[in-house]
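This is what each chain is made of:
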Amino acid sequence: MVENLKKQIEILEADIAKLEENIRIKNAEKSTASAQIQARIFLENIFAPYMDGLCDIWGLSPEEGLRVLIKENASLDKIAKDNPKALAEFLSQPEIKVIAAVARPLGSMSDEWIEQKMSVLLEVMVKIRPSMANAIIETPEGMAWFYESLIGLRNMLFGVLKLSHVDLMGKPQINIETT
């Protein structure tokens with residue numbers, strides 16, 4: 001009788017362990033799906049339009065612009081610091097305000113957290129903007145630039161960025177050489 005109860009307890013404990021593992025897996029899947037959705041929103045509504053806008057001004061494709069930015073080590077926050085009027089215009093757009101409000105929890109995420117989530121962003125970018133993802137992945141120092149730019153975008157969106165001076169032209173200031 002006691003042996004039978006012990007065996008039933010062991011079976012129940014094993015079943016509980018299996019259920020806990022299944023719950024952990026389901027939670028991880030939900031978390032990954034949620035992170036991918038957030039990454040897609042961020043990439044489609046913040047990162048890509050920001051890059052598209054910069055590159056339109058320069059007359060470059062986003063891929064060429066990314067390569068120039070990476071080569072010049074000009075992260076997005078560095079450009080924003082040099083172009084406060086353009087940054088203010090970007091941040092005043094209603095859709096950016098909505099996205100920033102929805103993504104407010106991301107404003108308190110650590111640099112380490114952002115570094116860990118870069119892979120999710122790149123996975124999503126490969127799906128929705130493969131040429132931009134390849135420009136980051138294949139360009140030397142591209143991943144370091146991407147990390148710094150993500151930190152900078154977080155800081156820009158959530159008010160951490162300090163503007164140093166005003167660019168009266170409102171254009172991104174960077175030495176662009178295309179060959």
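Residues numbered from 1 in each chain as written. Predicted model: local features only at pLDDT ≥ 70, side-chain atom pairs only at ≥ 80, totals over all residues. Heavy atoms only, no water.

Quick word on the environment of Lys 117
Here is step 1: Here Lys 117 lies in helix H6 (residues 111-128).
Here is step 2: Exposure remark for Lys 117: the relative accessible area of 31% places this residue in the partly exposed category.
Here is step 3: Here the alpha-carbon distance between Lys 117 and Ala 35, two residues 82 residues apart in the chain, equals 8.3 Å. (Helix = DSSP H or I, 4+ residues; strand = E, 2+ residues; numbered from the N terminus. Buried < 20%, exposed > 50% of the residue type's maximum accessible area, 1.4 Å probe, protein only.)

As for unusual backbone geometry
Here is step 1: The backbone of Asn 73 shows a phi angle near 55°, a positive value even though the residue is not glycine.
Here is step 2: Residue Asn 73 is classed as partly exposed on the basis of its relative accessible area of 46%.
Here is step 3: A positive phi is found at Glu 141, a non-glycine position, where the angle reads about 70°.
Here is step 4: Considering the arrangement of structural elements, one finds Glu 141 in the loop between helix H7 (130-138) and helix H8 (142-157).
Here is step 5: The exposure class assigned to Glu 141 is exposed, which follows from its relative accessible area of 60%.

Some remarks on helix H5 (residues 94-102)
Here is step 1: Taken together, the buried positions of H5 are occupied by Ile 96, Ile 99 and Ala 100. Looking straight down H5, one finds its buried side chains confined to an arc of 100°; they lie on one side. Turned more than 90 degrees from where H5 packs its buried face, Pro 94, Val 98, Ala 101 and Val 102 sit exposed. (Arc of directions from axis to C-beta.)

Things to note about the packing of aromatic side chains
Here is step 1: The final tally for this structure, using the stated rule, is two aromatic pairs.
Here is step 2: Ring centres of Phe 47 and Trp 145 lie 6.4 Å apart, and the angle between their planes is 65°; this geometry places the pair in the edge-to-face category. In this pair, Phe 47 sits in helix H1 (residues 2-58) while Trp 145 sits in helix H8, placing the two residues 98 residues apart along the sequence. Accessibility assignment for this pair places Phe 47 and Trp 145 in one class, buried.
Here is step 3: Look at Phe 47 and Phe 146: their rings are 5.7 Å apart centre to centre, the planes differ by 85°, and that puts the pair in the edge-to-face class. One end of the pair, Phe 47, is in helix H1; the other, Phe 146, is in helix H8, with 99 residues separating them in the sequence. (Phe/Tyr/Trp six-rings, centres within 6.5 Å; stacked < 30°, edge-to-face > 60°.)

Notes on the nonpolar core
Here is step 1: Membership of the largest hydrophobic core comes to 46 residues, with the highest contact counts inside it found for Phe 47, Met 51, Leu 69, Leu 76, Met 125, Trp 145 and Phe 146.
Here is step 2: Elements represented by at least two residues in this core include exactly H1, helix H2 (62-71), helix H3 (76-82), helix H4 (84-92), H5, H6, H7 and H8. (Core = buried A, V, L, I, M, F, W, Y, C linked by side-chain atoms within 4.5 Å.)

With respect to a nonpolar patch on the surface
Here is step 1: On the surface, Val 126, Ile 137 and Met 143 cluster together into a nonpolar patch covering about 230 Å² of accessible area.
Here is step 2: Relative to the elements of secondary structure, Ile 137 occurs in helix H7.
Here is step 3: A relative accessible area of 44% places Ile 137 in the partly exposed class. (Patch = residues over 30% accessible without salt bridge, like charges linked within 9 Å, V, L, I, M, F, W, Y side chains within 5 Å. Areas by Shrake-Rupley, 256 points an atom, 1.4 Å probe, with all protein chains shown as cover. Salt bridge = Lys/Arg side-chain N within 4 Å of Asp/Glu carboxyl O.)

A look at the side chain of Asn 155
Here is step 1: Along the chain, Asn 155 falls in helix H8.
Here is step 2: Residue classification places Asn 155 among the buried positions, given a relative accessible area of 14%.
Here is step 3: A polar side-chain atom of Asn 155 sits 3.0 Å from a polar atom in the side chain of Arg 154. (Polar contact = N/O pair within 3.5 Å; in protein donor to acceptor, adjacent residues only side chain to side chain.)

Describing the layout of surface pockets
Here is step 1: One number sums up the size of the largest pocket: a volume of about 610 Å³.
Here is step 2: Along its surface, the largest pocket is lined by 26 residues, and Gln 38, Ala 39, Phe 42, Leu 106 and Trp 113 are the ones closest to its centre.
Here is step 3: Elements with a contribution of two residues or more to the lining of the largest pocket: H1, H5, H6 and H8.
Here is step 4: The leading source of residues in the lining of the largest pocket is H1, at nine residues.
Here is step 5: The residue inventory of the lining of the largest pocket, partitioned by class, reads 20 nonpolar, four polar and two charged. (1 Å grid on protein atoms, 1.4 Å probe; cavity = no way out; pocket = protein on both sides within 12 Å on 5 of 7 lines; lining within 4 Å. Points joined across faces, edges and corners; volume = space filled by probe spheres on them. Nonpolar A, V, L, I, M, F, W, Y, C, P; charged D, E, K, R; others polar.)

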